[in-house]
Amino acid sequence: MKKLPAQRGRVAVIGAGPGGMAAALSVHQAGHEVVLFERYPQARPAGNILNLWPPPIKALGLLGVNTEDLGAPCTAEFRNARGRRRVRAALPEQVVRDYGGGFVGLLRPELYERLLDALPKGVLRVNHTVERVEQDESGVRLHLADGRVHEADLVIGADGIDSLVRRTLWGDSPKREHNLHIFGGYTFDESVETEPGMCVLSHTRTVQGSWTAIRDKGRDGHQWWVLEAFDASREFTGDLHSTATSHGQAFARPLPQLIAATDPAHVQRWVIRDRKPLKQWSKGRATLVGDAAHPTSPYAGYGAGMATEDGYFIGRRLAGLDLSDYAAVRHALDAFEAPRKPHTARQSQHAYVLGQVFHHAPRALQPVRDAILDRTPLMQKVVGDSTPSSILAQLGEIDRAEARFITLLGLGGTHDTAS
């Protein structure tokens, strides 16, 4: 991709997850100097299994990330535990063809590897812990654990649910406990027969059991997860693989067989929590992306995807800007977050509600809930139809952002802050 001809400013990104790496790539393409701080010795995935919708796949490609053979193309369906379909999330054939499937199954490490491969040399700085962020209208100062101070024109907090940047801007806010936990794993065992190209999300009255096809480094396999209510104040002391095996027995093939075929070393557990949406992400010369702005339950299947989209959009909004101009920075940050807030808040809240409906409904109401889901089109309308609509809307937002970006490139980097 052709780049803007001059470095117009200095941007610091904190946190080298998908949102942080995407932001660094997009900011670099926008013509600015960017530094990506990671406190750990390497950019490391928090988890093993992952799914991506078409918008983040599209954003990754535009950011210069190699998306060829990235994951397995899947069609997503909700089913009951016996295997009866309740919902099908069907996207237009052209979208499926253009972006490698309606729902793509992969492992997190490969996404990280491809993002890291795309980062320009010298952008990522590992073993750099930011302890304090200060700012005024003239700039931002990041105080590092080793005593050094890094100065920038703008800081992007991509530092997760416990974000230092979020806390600095808006103070502490309580995490929202979903009182759910999830066990997930993957296998490349070829002996388990499955429906090809599927992501199947099933429910008993109390447990979700799901699986999806994956591709990882050219290998075909499957990932799976089981999810149930769990008091977040309790300590879990059980064995991960045996607990998952027990939960999986209530489901139709091939879920029990996939769990049985999984190496126990490839099973992980997460406690699910989020935070309520912020009314404002940005303040002064600082903004947030990904889980720092909108931590989201896995029920959305969109956490890493929305973080990637955030990173893409923030860089596009900074294209052509003189970052020493405080008013221009403020306008750009407001323009960045305005369309992102309703989309991400809707996904986050939708995921929270689904978790409550499926796992915290009173026992007496569970048969009624399941009868409604099995015998009426309610869930198809709420999930199966609304999800494709949201996906298409985000693809349209990316098209418009890229058109603006290309126009700026063609104009040599001039920018009308009122646009």
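As the structure is a prediction and not an experimental result, all values here were calculated from the model.

Student: Mind showing me how you'd approach the pattern of salt bridges here?
Tutor: Between side chains of opposite charge, a pair can form as their charged atoms come close. According to the stated counting rule, one finds 28 salt bridges in the structure shown. Of the charged contacts in the structure, one is a salt bridge between Glu77 and Arg79, with a shortest N-O distance of 3.0 Å. The class of Arg79 is buried, set by a relative accessible area of 11%. Linked by salt bridges that have partners in common, Glu77, Arg79, Arg85, Arg88 and Glu195 make up one network.

Student: How should I be thinking about the state of the cysteines in this particular structure?
Tutor: Here a disulfide denotes a covalent bond joining the sulfur atom of one cysteine to the sulfur atom of another. Scanning the entire structure with this criterion turns up 0 disulfides. Not part of a disulfide, Cys74 finds its nearest cysteine sulfur in Cys199, a span of 6.2 Å.

Student: How do you make sense of the confidence of the model for the protein chain when you look at a structure like this?
Tutor: Model confidence for the protein chain is summarised by a mean pLDDT of 93, while 96% of its residues fall at 70 or above. In the model, residues 411–419 has pLDDT below 50 throughout and makes 18 contacts with residues more than four positions away in sequence or in other chains.

Student: I would appreciate a short explanation of the packing of aromatic side chains in the present structure.
Tutor: When we look at a pair of aromatic rings, we describe it by the centre distance and by the angle of the planes. Within this structure, the stated rule accounts for 7 aromatic pairs. Summarising the aromatic geometry, the rings of Tyr186 and Phe188 are spaced 6.0 Å apart at their centres and angled 70° between planes, so their arrangement reads as edge-to-face. Of the two residues, Tyr186 and Phe188, neither departs from the other in class, the shared state being buried. When the ring centre of Phe188 is taken as origin, the NZ or CZ atom of Arg219, which lies over that ring, is 3.8 Å away.

Student: Even after reading the chapter, I still don't get a nonpolar patch on the surface, so can you show me in this structure?
Tutor: Nonpolar side chains collect at one region of the surface, where Leu365, Val368, Ile372, Leu378 and Val382 lie side by side and expose about 400 Å² of accessible area between them. Position of Leu365 among the secondary structure elements: in the loop between helix H9 (326–359) and helix H10 (366–375). Residue Leu365 is classed as partly exposed on the basis of its relative accessible area, which comes to 49%.

Student: Would you mind going over the side chain of His178 with me for this structure?
Tutor: For His178, the location among the structural elements is in strand E12 (residues 176–187). Within the local environment of His178, its side chain forms a polar contact with the side chain of Asp274, the two groups lying 3.0 Å apart. Once residues lying within four places of it in the same chain are set aside, the contact partners of His178 are Ile272, Arg273, Asp274, Ser297, Tyr352, Gln356 and His360.

Student: Is there a simple way to think about the sheet that holds strand E8 (residues 130–136) in this case?
Tutor: For sheets, the rule is that strands pair by backbone hydrogen bonds, running either parallel or antiparallel. Taken in spatial order, the 3 strands of this open sheet run E8-E9-E10, and their pairing is antiparallel. Strands at the two margins of the open sheet, each flanked by one partner only, are E8 and strand E10 (149–152). Put simply, the sheet's adjacent strands are angled 20° from each other on average, direction ignored. When strand E9 (residues 139–144) meets E10, the two strands line up antiparallel, connected through 4 bridges. Of the residues in E10, the one forming a bridge with Leu142 is His150.

Student: I'm lost on H10 in this one. Help?
Tutor: Every α-helix carries 3.6 residues per turn, so stepping three or four residues along brings you back to the same face. Buried residues of H10: Gln366, Arg369, Asp370, Leu373 and Asp374, and no others. Down the axis of H10, the buried side of the element spans an arc of 125°, and every buried residue falls inside it.

Student: In this structure, what is going on with the sheet that holds strand E11 (residues 154–157)? I would like to understand it.
Tutor: One open sheet holds the 5 strands; their spatial order is E7-E2-E1-E11-E17, and the pairing between them is parallel. This sheet does not close on itself; its edge strands, each paired only once, are strand E7 (124–125) and strand E17 (286–288). Bridge count between strand E1 (residues 10–14) and E11: 4 bridges; the pairing is parallel. Residue pairing for E11: Ala12 is matched across the bridge by Val155. Contacts between H9 and the sheet are confined to E11 and E17, with E17 contributing the most and set at about 10° to the helix.

About the criteria used
- Residues numbered from 1 in each chain as written.
- Predicted model: local features only at pLDDT ≥ 70, side-chain atom pairs only at ≥ 80, totals over all residues.
- Heavy atoms only, no water.
- Salt bridge = Lys/Arg side-chain N within 4 Å of Asp/Glu carboxyl O.
- Buried < 20%, exposed > 50% of the residue type's maximum accessible area, 1.4 Å probe, protein only.
- Disulfide = S-S within 2.5 Å.
- pLDDT = per-residue confidence, 0-100.
- Contact = heavy atoms within 4.5 Å.
- Phe/Tyr/Trp six-rings, centres within 6.5 Å; stacked < 30°, edge-to-face > 60°.
- Lys NZ or Arg CZ within 6 Å of the ring centre and 35° of its normal.
- Patch = residues over 30% accessible without salt bridge, like charges linked within 9 Å, V, L, I, M, F, W, Y side chains within 5 Å.
- Areas by Shrake-Rupley, 256 points an atom, 1.4 Å probe, with all protein chains shown as cover.
- Helix = DSSP H or I, 4+ residues; strand = E, 2+ residues; numbered from the N terminus.
- Polar contact = N/O pair within 3.5 Å; in protein donor to acceptor, adjacent residues only side chain to side chain.
- Pairing = 2+ DSSP bridges.
- Axes fitted to C-alpha atoms, helices over the stretch in contact; angles between N-to-C directions.
- Arc of directions from axis to C-beta.

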